[in-house]
Every structure is written in structure tokens, then in C-alpha cells.
Amino acid sequence: MEYSDNTVLKNLKSRYDKFTNVERTIANFFINNREIQKLSSKAVSEKLFVSEASLSRFAKKCGYKGFREFIFEYEKNISKYNREEISNLVINTYQDLLDSCHMMINQKQMKEVAHLLTTSKRVCVFGMGSSGIAAEEVHLRFMRLGLNIEAVYDSHRIKMLSSLANEESVIIAISLSGTTKEILQGIGIAKANGAKIIMVTSNNSFHLSSFCDEIILIPTINALEAGDCISPQFPILVMIDILYTYFIKIESYYQKKVNTLNALFKYDEENILI
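What should I look at first to understand the packing of aromatic side chains in this one?
Centre-to-centre distance and the angle between the planes together describe a pair of aromatic rings. All chains considered together, the criterion is met by 13 aromatic pairs. Both rings, one in F19 and one in F58, keep their centres 5.3 Å apart while their planes meet at 50 degrees; by these two values the pair is tilted. Note that F19 is positioned in the loop between α1 (7-15) and α2 (21-32) and F58 in helix α4 (residues 52-61), a separation of 39 residues in sequence. Of the two residues, F19 and F58, neither departs from the other in class, the shared state being buried.

Any chance you could explain the pattern of salt bridges here in plain terms?
A side chain with one charge can pair with a side chain of the opposite charge if their charged atoms come near. A full pass over the atoms with the stated rule returns six salt bridges. A salt bridge links K61 to E23, with the nearest nitrogen and oxygen atoms 2.8 Å apart. Taken as a pair, K61 in helix α4 and E23 in helix α2 lie far apart in primary sequence, 38 residues in all. For E23, a relative accessible area of 11% translates into the label buried. A salt bridge links R122 to E150; its shortest N-O distance comes to 2.9 Å. Of this pair, R122 sits in strand β1 (residues 122-127) while E150 sits in strand β2 (residues 149-152), and the two are 28 residues apart along the sequence. We classify R122 as partly exposed; its relative accessible area is 31%. Take E150: its relative accessible area is 22%, and that puts it in the partly exposed class.

Conventions and cut-offs
- Residues numbered from 1 in each chain as written.
- Predicted model: local features only at pLDDT ≥ 70, side-chain atom pairs only at ≥ 80, totals over all residues.
- Heavy atoms only, no water.
- Phe/Tyr/Trp six-rings, centres within 6.5 Å; stacked < 30°, edge-to-face > 60°.
- Helix = DSSP H or I, 4+ residues; strand = E, 2+ residues; numbered from the N terminus.
- Buried < 20%, exposed > 50% of the residue type's maximum accessible area, 1.4 Å probe, protein only.
- Salt bridge = Lys/Arg side-chain N within 4 Å of Asp/Glu carboxyl O.

Dropping the structure here:
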């Protein structure tokens, strides 16, 4: 079997969606690793808390004769990386995602979503894992504008707040894959209670559109959810920032932004004088 540069990593990323949970754990380790270290089946199995048999099955599923052959080719790839190559890889990938975000912006939709937020009595932002981190950022950004908004990234609270939602509620659900069970369950409950649902996702399936009022599509790359070299929150936050700029064009909320900034600056000045 012949291999070209970076074939092993490309192989893992191309097969990622078909891996089991255990196989994704193994794949994530090799995708994220950039160090020369002991990679025997015993060492890796102990590090990842998986069996050596699982490593063997994983390697064969990736097209190799066994784990030893997989490691041999993997180490050849890793040795070719240097700091400049890794930096360029990261920067170029971010640029590709940013360009894709620009192509996917729907200005009419952004205006409609911004208006929808202004008419709501309560906004909840749902997110799990890395999307939960993005949800907290959304909360902080819009809270400063006086919006009644809350970030929720606990499965139990998602269910509870969904059950309390009504016609005056808006749910912003963040799921890169669009398949996060806790998120789907939550927005299903909230929708049944009359809430408006805004989904931020890379999944443009008919299933989601059937119970979401708006779907803000974001770009993705293979294994983005795994963390790789790229933050999974990046494309989410780019689109949220764009929505934010549309929102602050609404005069009353722009004035609230000015007021919060003035309050912060005034506090800092008084603190310095003390």
C-alpha cells in the first residue's frame, strides 16, 4: 500500500462520520496529536482507556493490515510537520471557514431574526459541549443590550426551560451537527409550547426545517466538532456576530449598548481615581 503526504490524517477525517464512539475517541487522539511519543498499542490503549483489540479493529476499518502498520504510516506523517506548516494549516482553514461564512450570509434572514428577538419576552440559548461555550458568549453579547436572555448548557435545565417556554419565548439552539439529542428534545418541547425556534447549525436537513422557524446555516469541515486544530465555536460565533450587528441597528438597543459602555468606562475611571 502506498501513501501520499498526510494521507493518514485525511483518511481519518474522511471516515470520521462512520466511526463508532470508541473509534472517534481513537481518531480524535491521532487527529489532535502533533508530538512524537510512544504509540505502542499498549501505551495508546492505556492512555485512551480502550482495549488493544479496539485499536486493531480501528486500524483495519481505516484500511490498514493492523495497528502496527497504521502507526508506522502515522509516524511518518507526523515527522513531516513543523511549526510553519501547522501555522499555515490553521490560518488557511480559518480563512476558508470565514470565506464560507461570507458566502452563506442571508441578509433578509438576519433582519427577520433580529426583529424576532426584539418581540420576545424571553430568549434562551441552548448548547451542549463546545456549543455551550458559544451559547454563553451569545448570552453575554446580547445581555449587554438589555435583552432578557439566558444561556443553557445542562440537559436537565434545557428540558425544564423548554417546558416553561410559550408564545412569547424564542429559543436559539446551537448544534454544529444538528443531531444533538438534548438540543432536539428541548426545541421539540418548546415548539409544542408555541415558542419560536432559531437553529444555528451546519445541518440543512428537511427534518430540522419542519420544526424550526429559522435555520442559520454555518460552514463546517471534517471533524470540526472533534476540536482538531480549529475551534468548533469559530463559524458559530462569526454568524452570531453578524446577527449582533443587525440587532444593534435597532435604535433602542443601540442606545442600550452605548449606556452599558458608558457605565463600564465611568466605573474604570472612578476606580483609577481611587
